[in-house]
Amino acid sequence: MRRLLSVALAVTSVAAGLEKWTVDRILQVRQVGDVAISPDGRYVLYSLSGSVPAENRQYSDLYVVASDGSATRQLTRDDAKEESPRWTPDSRLVSYLAPDAQGKPQVRSVAPTGGAPTQWTSSPQGVRSYGWSPDGSRVWYAASEPKSNEQVAHEKEWGVVISPEEEWPERASLWVLDTATRQTRRLTDGRLAPGSPEWSPDGRTIAFLHAEGPGRPQQLHLAAADGAGPPRAVTHSAIGVNSFAWSPQSAQIAYVEGREDPPPYANYFRRQVFLGRGSVWWLDATSGRATRLTRQEYPGLARVVWSRGGKKLTFLAKPPGSQNDRRALEVMHILTLDGEVRTVAPGFDFLRGGIGSTWSKDDREIWFLNGERMGYNIFAVDAGSGAVRYVTTGQDCLSEVSYTRDFSRAAFVSENANTKPDVYVATLPEWRAARITDLNPEVRQYAHGPGEIIRYSSEGRQIEALLVKPPDFDPSRKYPLLLILHGGPTWYKKNDWRLHWEQQPIQVYAAEGYCLVFPNVRGSADYGPEFRQANYRDLGGGDFRDAMAAVDYLVGQGFVDENRLGVAGWSYGGFLTPAAITQTDRFKAAQFGAGIPSFEAMYSRLSTVEWIVHDNYGARPWEDGGMHLRESPLYSAHRVKTPTLIQHGEDDPRCPMGGAVLFYKALKSYGVPAVLEIYPKEGHGITGPLLKRRCLRRNLEWFNKWLKGDRTTSFEKPFPPAQ
């Protein structure tokens with residue numbers, strides 16, 4: 001096994017002539033994504049996205065680099081936001097969705113060697129998704145459709161309201177474009193809303209999922225690509241089809257028939273679908289004959305992946321009968337066409353992994369990306385013995401992994417806290433990796449605050465955290481410390497290179513002389529099921545103590561000023577932060593966003609993630625109001641002494657804004673310095689460039705005011721120094 005090659009950024013002091021990071025500078029650094037190696041392995045496609053706060057605009061551009069790193073070419077330069085980039089199957093073109101003159105997304109393509117792009121579609125309402133035929137001669141696309149006549153007439157008479165009992169499905173139609181003749185052909189009309197279209201390997205048929213009407217289960221449909229006859233439903237399941245996959249031979253389709261898991265809570269509007277128990281079926285696409293392959297139902301079964309030879313399938317799901325066991329792990333299974341099911345990789349934790357599962361060239365292994373502690377690595381499962389091996393090792397973070405058609409090369413992004421993200425190519429199966437890009441080279445002119453993984457003890461548990469120090473760190477000095485609490489609760493902080501994260505300007509804080517610690521407290525993912533469930537029915541209890549143990553550990557190291565402590569968090573961190581300041585007055589400043597200071601407020605919108613509360617405590621507000629009072633930080637607000645900045649997106653679909661308003665009002669009533677900022681039209685995160693800039697700057701200035709005595713911040717007017 002070979003370690004990934006890494007190119008570490010030099011940790012150099014500001015005194016050596018490097019510049020300090022600022023909020024404006026970190027927002028100028030572009031983010032890499034959409035990495036895909038061409039099917040023939042000659043090139044690697046990637047996107048670089050960024051924002052222009054002054055214009056409140058986001059953009060992305062596409063690039064292609066030779067797989068040996070010898071040449072890079074920028075393919076798009078139109079200041080637009082290209083989306084869904086991909087290779088044509090013959091590797092001749094890079095395609096993507098880009099807005100036309102009316103702002104409607106259309107399918108375009110360009111050669112990897114550059115040149116003027118070709119626009120293939122001109123859909124009046126825009127294209128939602130698309131896919132190339134196996135020979136690259138045709139493309140299906142799902143085109144948005146205007147409102148139905150029925151909906152228009154209804155709204156004309158009754159107006160438009162938000163009501164769970166009055167939702168109208170979005171409409172789309174399925175089209176096929178012949179790239180040689182430019183002729184288009186509609187396969188479904190606007191009454192159909194095709195989902196997950198996919199070409200058959202021989203290019204003759206397109207399969208998709210569709211529900212015939214509101215409340216009806218979705219079925220698998222087949223449409224002849226040449227338009228010979230209308231699409232036809234090939235399943236008639238009483239509970240519906242969740243997903244499907246063509247076999248490599250085109251003659252069969254494996255599909256998952258699954259019942260929705262009735263959630264024990266009520267999301268009534270635009271609700272999220274939770275998969276319940278599912279079974280795998282095999283369909284002969286010619287005769288339409290379907291056969292059930294799995295004798296039992298598997299909780300959480302979402303999709304299947306065919307082996308390259310078309311003889312086996314693999315899927316992730318919990319064991320049969322474990323749907324009500326919160327401790328049950330997802331398990332990898334291998335399924336043969338005669339219905340034999342074997343479990344492999346026993347005991348492996350797939351909660352945040354199993355990403356990109358694919359079979360090796362000889363079908364002897366199943367490769368996938370999986371988180372483990374603070375890193376992400378490639379693993380392989382032996383299809384015969386079921387044993388797991390590391391393909392890569394260490395605590396670097398890999399992402400965006402893609403493979404060539406013949407499984408001889410892989411492209412991916414690698415990074416760690418001190419190594420910026422870049423694109424790498426590895427030869428397979430031995431995984432010899434080399435960096436082929438130098439993205440954002442300008443970051444070398446800035447002094448980087450070094451990060452390191454630390455470990456400390458808390459109530460008998462080993463807790464990991466990422467510690468970031470100022471670039472010119474001197475262990476003999478005393479530094480202010482910011483405790484940053486992650487979302488989730490089943491989330492994590494990774495060993496990744498982040499200039500800003502969960503609305504915190506990490507490297508700007510470091511440049512301003514702060515130490516930062518990001519603890520993966522009990523309840524975090526990628527540390528095994530026992531650790532992940534250790535805060536069950538104890539939110540704001542043991543996880544709070546784990547976080548405080550990080551503070552105590554660092555104070556004990558001698559370089560943290562105990563009189564200058566701050567705490568911050570977003571989402572679940574926006575619960576743990578108010579929970580913390582109701583239990584201790586050690587922090588001199590706090591900031592939280594998208595928070596949950598009131599469990600009861602979580603039920604105040606039609607669609608939220610109130611299941612977090614319900615899963616831990618069971619009761620709804622109208623069933624046990626006392627529980628909601630006991631466990632919510634709001635009802636301990638009288639204990640808070642810490643100046644607190646509260647931020648929230650107005651349209652947050654996960655954590656309703658009402659909780660933030662209530663906590664703010666409570667702090668103000670008790671005379672605690674508090675600021676509330678509500679960001680119009682923003683959701684769970686702040687993504688608009690201008691408001692994102694404001695959010696980061698305000699957070700920095702808030703801590704500068706209360707921890708460093710800075711009297712030049714934008715908070716001086718509401719909170720002047722005492723006379």
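No experiment lies behind these values; they were computed from the predicted model shown.

Scoring rules and cut-offs
Residues numbered from 1 in each chain as written. Predicted model: local features only at pLDDT ≥ 70, side-chain atom pairs only at ≥ 80, totals over all residues. Heavy atoms only, no water. Helix = DSSP H or I, 4+ residues; strand = E, 2+ residues; numbered from the N terminus. Rg over C-alpha atoms; globule rule 2.2 N^0.38 Å. Buried < 20%, exposed > 50% of the residue type's maximum accessible area, 1.4 Å probe, protein only. Contact = heavy atoms within 4.5 Å. Areas by Shrake-Rupley, 256 points an atom, 1.4 Å probe, with all protein chains shown as cover. Lys, Arg positive; Asp, Glu negative; His and termini not counted. Charge placed at Lys NZ, Arg CZ, Asp CG, Glu CD. Pairing = 2+ DSSP bridges. Phe/Tyr/Trp six-rings, centres within 6.5 Å; stacked < 30°, edge-to-face > 60°. Lys NZ or Arg CZ within 6 Å of the ring centre and 35° of its normal. 1 Å grid on protein atoms, 1.4 Å probe; cavity = no way out; pocket = protein on both sides within 12 Å on 5 of 7 lines; lining within 4 Å. Points joined across faces, edges and corners; volume = space filled by probe spheres on them. Nonpolar A, V, L, I, M, F, W, Y, C, P; charged D, E, K, R; others polar.

(A) Region of the structure containing the overall build of the protein chain. In terms of regular secondary structure, the protein chain is built from 10 helices and 41 strands. A compact globule built from 723 residues would reach a C-alpha radius of gyration of about 27 Å, and the protein chain, at 27 Å, matches this within 12%. Overall, the C-alpha framework of the protein chain stretches about 85 × 60 × 55 Å when taken along its three principal axes. The buried share of the protein chain, reckoned over its 723 residues, is 56%. For the protein chain, the share of sequence-separated contacts (at least 6 apart) that also reach a separation of at least 24 residues comes to 54%. Per element, the accessible surface of the protein chain, about 30700 Å² overall, is 48% carbon and sulfur. For the protein chain, the centre of its 85 positive side-chain charges and the centre of its 82 negative side-chain charges are spaced 1 Å apart.

(B) The pairing of strand S26 (residues 355–359), seen in detail. Sheet topology places S26 next to strand S27 (residues 365–372); three bridges connect them, and they run antiparallel. In the sheet register, threonine 358 faces S27, and the bridge partner there is tryptophan 367. Linkage of S26 to S27, two consecutive antiparallel strands, is achieved through a turn of five residues, within which aspartate 363 is found at a positive phi near 65°.

(C) Fine view of the packing of aromatic side chains. Under the counting rule described, the total for this entry stands at 36 aromatic pairs. A centroid spacing of 6.2 Å and a plane angle of 20° characterise the contact between tyrosine 43 and tryptophan 87, whose relative ring orientation is stacked. Remark: tryptophan 87 occurs in strand S5 (residues 83–87) and tyrosine 43 occurs in strand S2 (residues 43–52); sequence separation between them is 44 residues. By relative accessible area, tryptophan 87 is classed as buried at 9%. Taken together, a centroid distance of 5.0 Å and an interplanar angle of 85° make the contact between tryptophan 367 and phenylalanine 407 edge-to-face. Within this pair, whereas tryptophan 367 is found in strand S27, its partner phenylalanine 407 is found in the loop between strand S30 (397–403) and strand S31 (409–416), the two being separated by 40 residues in sequence. Neither residue differs from the other here; tryptophan 367 and phenylalanine 407 are each classed as buried. Aromatic ring contacts, followed pair by pair, group Trp367, Tyr403, Phe407, Phe412, Tyr424 and Trp431 into a single cluster. For lysine 469, the ring lying beneath its charged end belongs to phenylalanine 559, and the centroid distance is 5.4 Å. One Lys or Arg, lysine 705, reaches over the ring of tryptophan 706 and ends 5.0 Å from the middle of that ring.

(D) Focus on the sheet that holds strand S22 (residues 305–306). On the basis of which strands lie adjacent, the open sheet formed by four strands has the order S22-S23-S24-S25 and antiparallel pairing. With partners counted over all chains shown, the strands left at the sheet margins are S22 and strand S25 (341–344), one partner each.

(E) Expanded view of the sheet that holds strand S13 (residues 195–199). Ordered in space as S13-S14-S15-S16, the four strands form an open sheet in which the pairing is antiparallel. On the outer flanks of this sheet lie S13 and strand S16 (232–233), each paired with one strand and no other.

(F) A look at helix H6 (residues 573–581). In terms of residue burial, H6 counts as a mostly covered element, since nine of its nine residues are buried. Gly573, Gly574, Phe575, Leu576, Thr577, Pro578, Ala579, Ala580 and Ile581 are the residues of H6 that are buried.

(G) Broad picture of unusual backbone geometry. The linkage connecting leucine 428 with the following residue, proline 429, adopts the cis geometry, with an omega of 5°. The topology assignment puts proline 429 in the loop between strand S32 (419–427) and strand S33 (432–435). With an omega of 10°, the peptide bond between glycine 488 and proline 489 qualifies as cis. Note on placement: proline 489 falls in the loop between strand S36 (479–485) and helix H3 (506–511).

(H) Highlighting empty space enclosed by the protein. Taken as a whole and assessed by the stated rule, the structure comprises two cavities of 30 Å³ or more. Taken as a whole, the largest cavity holds about 60 Å³ of empty space. As for the largest cavity, its lining consists of Ala417, His448, Gly449, Leu466, Val468, Asp496, Trp497, Arg498, Ile506, Gln507 and Phe518. Secondary-structure elements contributing two or more residues to the lining of the largest cavity are strand S35 (461–468) and H3. When grouped by side-chain class, the residues that make up the lining of the largest cavity number six nonpolar, three polar and two charged. Each pocket or cavity is described by its volume, and for the second largest cavity that value is around 30 Å³. Lining the second largest cavity, in full, are Leu483, Leu485, Phe544, Ala547, Met548, Val567, Leu576 and Ala580. Ranked by residues supplied to the lining of the second largest cavity, first place goes to helix H5 (residues 542–556) with three residues.

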